[in-house]
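Next come the chains, spelled out residue by residue.
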Amino acid sequence: MKQPIIVVENLYSSYDGKNYVLRNVSFTVNEGELFGILGPNGAGKSTLVLHLNGILKAKRGRVLVSGIDVRKNPREVRKLVGIVFQDPNDQLFCPTVREEVGFGPYNLGVRGKDLEDVVFNSLKLVGMEGYIDREIKSLSFGEKKRVAIAAILAMNPQIVIFDEPFANLDFKGKKLVWDVIKTLRKEGKTVIIVTHEAEYLLECDRILLLANGEVIRVGEPGEVLIPEILKRNNLDVPLIIELFFELGLELPKSLDDAKRVLKSKLKLG
Ligand SMILES: Nc1ncnc2c1ncn2[C@@H]1O[C@H](COP(=O)(O)OP(=O)(O)OP(=O)(O)O)[C@@H](O)[C@H]1O
């Protein structure tokens, strides 16, 4: 039985001290889990994520990461939780790729050849090792996104959170992010995908549906990705989910799985 690595208990969050953007949010994420956080625009997803690594601190309720109270020891928690932000321009601040990817591990005390290796290997994971001496400002959006991922991986966090990882990426860019997610899972890391697009969460172990600052549901994809529930919470219903639901079929585990199931059904028909 996997242990919870993140525990969120009765979390409330407010930016102005009056209006709550998160209300009584409780859930757990297990070690090694691929966990989805799904919700429409403004649901509070990014706010929730900022609580998971101590950028925001709970005034009501609490967040524990690996048993550590985020409010009491945010520095320690930040070593455990890496967030890849939706817009790489919010994350990247060094002049060159080498400095950017080296910044985190340098701050963690990595030096010399070890630092060179960690920078190179992290860039290699996202296919950007050839860009090590490039200026950040000369990179395209997709390339910046890959560097932003490498900069997080370079710190070797136990939990990696991707906020809208597929937004504004082409087919190749999306595939690369999936490959990184799969590599992280093989290494036993906990991965959280935050999105408003349900189709990206078919492969998740569990999904938290958040709307209007409140938890609507937490469960396996088949318990959460239900057309009626998605519509009711202002989320698009992906064609593949609609189709499987209409046909009375169990939700596929991925788009490839969906293809396989449909092919075999069509042959049988
Ligand atoms: N820095 C801030 N100051 C004040 N209000 C904020 C701030 N950041 C977010 N909010 C408000 O908090 C609410 C939740 O926003 P949040 O960005 O967490 O939602 P989200 O689900 O990530 O949305 P999106 O999918 O559009 O990124 C929104 O009403 C937003 O206007």
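Computed from a predicted structure; not experimentally measured.

1. Considering the overall build of the protein
Thought 1: Secondary structure summary: the protein contains 10 helices and 10 strands in total.
Thought 2: For 269 residues, the compact-globule formula gives about 18 Å, and the C-alpha radius of gyration of the protein, at 19 Å, lands near that figure.
Thought 3: For the C-alpha atoms alone, the extent of the protein along its principal axes is close to 60 × 50 × 35 Å.
Thought 4: Burial statistics for the protein: of 269 residues in total, 49% are counted as buried.
Thought 5: Excluding contacts between residues fewer than 6 apart, the proportion of contacts in the protein whose partners are at least 24 apart in sequence is 61%.
Thought 6: Accessible surface computed for the protein: about 13900 Å², of which carbon and sulfur atoms make up 50%.

2. Focus on the domain arrangement of the protein
Thought 1: Splitting the protein by domain gives domain 1 (4-237) and domain 2 (238-269).
Thought 2: In this structure, domain 1 and domain 2 have C-alpha centres spaced 29 Å apart.
Thought 3: The partner domain 2 presents 11 residues to the 13 residues of domain 1 that form the contact.
Thought 4: Here domain 1 packs against domain 2, burying approximately 1000 Å² in sum over the two surfaces, 73% of which is carbon and sulfur.
Thought 5: There are 1 salt bridge connecting domain 1 and domain 2.
Thought 6: In this structure, the salt-bridge partner of Lys 231 is Glu 242, at a minimum N-O distance of 3.9 Å.
Thought 7: For the side of domain 1 that touches domain 2, the element with the most residues is helix H8 (residues 227-232), which contributes 3 residues.
Thought 8: Across the side of domain 1 that touches domain 2, the residue classes break down as 8 nonpolar, 1 polar and 4 charged.

3. Looking at the site of the ligand
Thought 1: Contacts to the ligand come from Tyr 15, Val 21, Pro 40, Asn 41, Gly 42, Ala 43, Gly 44, Lys 45, Ser 46 and Thr 47.
Thought 2: Note that an oxygen atom of the ligand is positioned 3.1 Å from one of the side-chain N or O atoms of Asn 41.
Thought 3: One of the side-chain nitrogen or oxygen atoms of Thr 47 is found 2.5 Å away from an oxygen atom of the ligand.
Thought 4: For the ligand, whose unbound accessible area comes to 630 Å², protein coverage reaches 55%.
Thought 5: It is helix H1 (residues 45-52) that provides the largest number of residues to the shell around the ligand, a total of 3 residues.

4. Some thoughts on the UniProt feature "domain: ABC transporter" in the protein
Thought 1: Mapped onto the present numbering, the UniProt feature "domain: ABC transporter" falls at residues 6-237.
Thought 2: Split by type, residues 6-237 is 34% helix and 26% strand. Its first and last C-alpha atoms lie 29 Å apart.

5. Details of the pairing of strand E8 (residues 190-195)
Thought 1: In terms of burial, E8 is a largely internal element, 6 of the 6 residues being buried.
Thought 2: The side-chain alternation of E8 yields two buried faces, one formed by Thr 190, Ile 192 and Val 194 and the other by Val 191, Ile 193 and Thr 195.
Thought 3: Pairing between strand E3 (residues 34-38) and E8: 5 bridges, direction parallel. Across the sheet, the residue bridging to Gly 36 is Ile 193, located in E8.
Thought 4: When strand E7 (residues 159-163) meets E8, the two strands line up parallel, connected through 5 bridges. Paired with Asp 163 across the bridge in E8 is Val 194.
Thought 5: In this fold, E7 hands off to helix H6 (residues 171-186), which returns the chain to E8; that crossover is right-handed.

6. Overview of the packing of aromatic side chains
Two aromatic rings are characterised by how far apart their centres lie and by the angle between their planes.
Thought 1: For the coordinates displayed, the defined rule picks out 5 aromatic pairs.
Thought 2: One aromatic cluster is present, built from ring pairs that chain together Phe 166, Trp 178 and Tyr 200.
Thought 3: A cation over an aromatic ring shows up here: Arg 60 above the ring of Tyr 12, its NZ or CZ 3.7 Å from the ring centre.
Thought 4: Directly above the ring of Tyr 106 sits Arg 111, whose terminal nitrogen or CZ lies 3.6 Å from the centroid.

Scoring rules and cut-offs
Residues numbered from 1 in each chain as written. Predicted model: local features only at pLDDT ≥ 70, side-chain atom pairs only at ≥ 80, totals over all residues. Heavy atoms only, no water. Helix = DSSP H or I, 4+ residues; strand = E, 2+ residues; numbered from the N terminus. Rg over C-alpha atoms; globule rule 2.2 N^0.38 Å. Buried < 20%, exposed > 50% of the residue type's maximum accessible area, 1.4 Å probe, protein only. Contact = heavy atoms within 4.5 Å. Areas by Shrake-Rupley, 256 points an atom, 1.4 Å probe, with all protein chains shown as cover. Domains from an automatic or database assignment. Buried area = accessible area lost by both parts, 1.4 Å probe. Salt bridge = Lys/Arg side-chain N within 4 Å of Asp/Glu carboxyl O. Nonpolar A, V, L, I, M, F, W, Y, C, P; charged D, E, K, R; others polar. Near = heavy atom within 4 Å. Polar contact = N/O pair within 3.5 Å; in protein donor to acceptor, adjacent residues only side chain to side chain. UniProt positions renumbered as here; feature names shortened; annotations may be inferred. Pairing = 2+ DSSP bridges. Right-handed = clockwise from strand over helix to strand, strands pointing away. Phe/Tyr/Trp six-rings, centres within 6.5 Å; stacked < 30°, edge-to-face > 60°. Lys NZ or Arg CZ within 6 Å of the ring centre and 35° of its normal.

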